[in-house]
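Coordinates in review
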Amino acid sequence: FAQRLDDIRAQVGTNVTVRPAGTFGGGAFSFESGGGGPPGGNTNGSDSTTTNSQPTLTDDDLKQLTAVSHVASITTVISARYTGDTLNAATLTDNNGNAVTAPNGQAFSPPILVTGTDDPSVLVSLGAADTTISSGRSFTSDDGGKDVAVVGTALADANALSVGSTFTMTNTNSDGTASDTATTLTVIGIYTTGTTFGDNGLALPIETARTIFARSSEVDQAIVKADSVDSVDQVATDIKATLGTDKVDVTTEQSTFASISAPLSDAKSSSRVGMIASLVASAIVIVFSIGLVARQRIREIGILKAVGASNWNVVSQFGVETVFISIGAALLGALATFPLAQTVANGLVSDTTTTEPGGFAGGEESIALAVLES
């Protein structure tokens, strides 16, 4: 049980997610003025609507976190919806491969999510948990500020993109309107997440994304990595104290670990109590067994005493016999019960990852789908 708990704890990770208070999805899901929600599907042309002001994080805010104890690294992420007309979004399909349709009967295409990050291992901020490069490569620190992109498999298929292909993205002015300039990006890699939503996006070096979307110092999300699992809660508390709960929302995966591990922790305690009880019961049985054997061999003991055996000689003889019998019994008992016990312990931990219809991995992805549909 302890081994399984350690395995789960290691899988939970040490990430602490920091977002501006009350926001979700950053620039990818900013709400339009007038109370409108985020438009679903791919929007052709420039988005001329303005967005309500939202709380933001800045590079200066994140610099304060470098002084927080047990912080190993900080990854910055910005995200935005693609609103140009040079890329087509992939079409969502259900488990049978049929296109998911909107209420008007048209095929539903999720928005193309653009993620800018300074950590090449964080290719998507929304849509999937795990990302694998299927062809080409991810960008490196040497690609900072270069016009390169890593594109999701679904988006690449929908636009016939491959490693080495190029496409353009219209730059954005500081007021959110479309600029007269555009950036030509070169595809250096194709990634896959196993979900259509996660694969319908692209990732850029954060400097490139900031240039295109005119966001010189804003951050939609920061992923703070603690130096150990035991430090996660303390790091989260210190971040809230440093930046203020009215400015940021701080989340960790420890609540997930607690909900998963609670039954195992109870089972671990129960198994320990059961082990102690079984040892006590075994000791009692052994003592009474020895006493019973001694009573049955009283004549033998009398003969030993008659020929000059001391009490120590008699006790030693019975002690040696008991030790050998106990060792044999322990070996037989371990061989009979340990494989079964380990199988039971292994069976108590199952895969907690669930897949929602349409290829969503659950969690934030389900929330994102609900927001889009609304």
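Nothing here was measured: the structure is a model prediction, and the numbers come from that model.

Moving on: the overall build of the chain. Scanning the chain for helices and strands turns up ten helices and twelve strands. Of all 374 residues assigned to the chain, the portion counted as buried reaches 36%. The contacts of the chain with a sequence gap of at least 6 include a subset with a gap of at least 24, amounting to 76%. A total of about 19900 Å² of accessible surface is found on the chain, and carbon and sulfur atoms cover 56% of it.

Core analysis: the biggest nonpolar cluster contains 23 residues, and L87, V151, F167, M169, L202 and L204 have the highest contact counts within it. Breaking this core down by element, the ones donating at least two residues are β3 (71-81), β6 (148-152), α3 (153-158), β7 (166-172), β8 (178-192), β9 (201-205) and α5 (206-213). Here this core gets four residues from one element, more than from any other, and that element is α5. Not counting residues up to four positions away in its chain, the partners in contact with V151 are A156, L161, F167, V187, G189, I190, Y191, G201 and L202.

Within this structure, the stated rule accounts for eight salt bridges. In this structure, the salt-bridge partner of R137 is D143, at a minimum N-O distance of 2.8 Å. R137 gets classed as partly exposed once you look at its relative accessible area, which sits at 38%. With a closest N to O distance of 2.8 Å, R297 and E321 form a salt bridge. Of this pair, R297 sits in the loop between α7 (254-296) and α8 (298-306) while E321 sits in helix α9 (residues 311-347), and the two are 24 residues apart along the sequence. On the basis of relative accessibility, which here comes to 30%, the residue E321 falls in the partly exposed class. In the salt-bridge network here, residues are joined through shared partners; they are R215, E218 and D220.

The next point concerns the pairing of strand β4 (residues 113-117). Burial of β4 is extensive: five of the five residues sit out of reach of the surface. Side chains L113, T115 and T117 project from β4 onto one buried face, and the interleaved V114 and G116 project onto a second face that is buried too. When β3 meets β4, the two strands line up antiparallel, connected through five bridges. Paired with I78 across the strands is G116, a residue of β4. Looking at chain direction, β4 and β9 are connected through five bridges and run parallel. Note on β9: the bridge partner recorded for T117 is P205.

Right, let's get into the environment of L113. Within the secondary structure layout, L113 lies in strand β4. In this structure, the C-alpha to C-alpha distance between L113 and T83, residues 30 residues apart in sequence, is 9.7 Å.

Right, let's talk about a nonpolar patch on the surface for a bit. Taken together, the side chains of M275, I276, L279, V280, I284, V287 and F288 make up a nonpolar region of the molecular surface, amounting to roughly 720 Å² of accessible area. Tracing the sequence through the fold places I276 in helix α7. Taking relative accessible area as the criterion, I276 reaches 45% and is therefore assigned partly exposed.

Residue placement: Q221 occurs in strand β11 (residues 221-226). What makes Q221 buried here is its relative accessible area of 9%. A distance of 3.0 Å separates the side chain of Q221 from the side chain of R19, its partner in a polar contact.

Positive phi is not limited to glycine here, since H70 has a value of about 70 degrees. If you trace the backbone, H70 turns up in the loop between α2 (59-65) and β3. The exposure class assigned to H70 is partly exposed, which follows from its relative accessible area of 39%. The phi dihedral of A214 is positive, around 55 degrees, even though this residue is not glycine. Here A214 lies in the loop between α5 and β10 (218-219). On the basis of relative accessibility, which here comes to 33%, the residue A214 falls in the partly exposed class.

Conventions adopted
- Residues numbered from 1 in each chain as written.
- Predicted model: local features only at pLDDT ≥ 70, side-chain atom pairs only at ≥ 80, totals over all residues.
- Heavy atoms only, no water.
- Helix = DSSP H or I, 4+ residues; strand = E, 2+ residues; numbered from the N terminus.
- Buried < 20%, exposed > 50% of the residue type's maximum accessible area, 1.4 Å probe, protein only.
- Contact = heavy atoms within 4.5 Å.
- Areas by Shrake-Rupley, 256 points an atom, 1.4 Å probe, with all protein chains shown as cover.
- Core = buried A, V, L, I, M, F, W, Y, C linked by side-chain atoms within 4.5 Å.
- Salt bridge = Lys/Arg side-chain N within 4 Å of Asp/Glu carboxyl O.
- Pairing = 2+ DSSP bridges.
- Patch = residues over 30% accessible without salt bridge, like charges linked within 9 Å, V, L, I, M, F, W, Y side chains within 5 Å.
- Polar contact = N/O pair within 3.5 Å; in protein donor to acceptor, adjacent residues only side chain to side chain.

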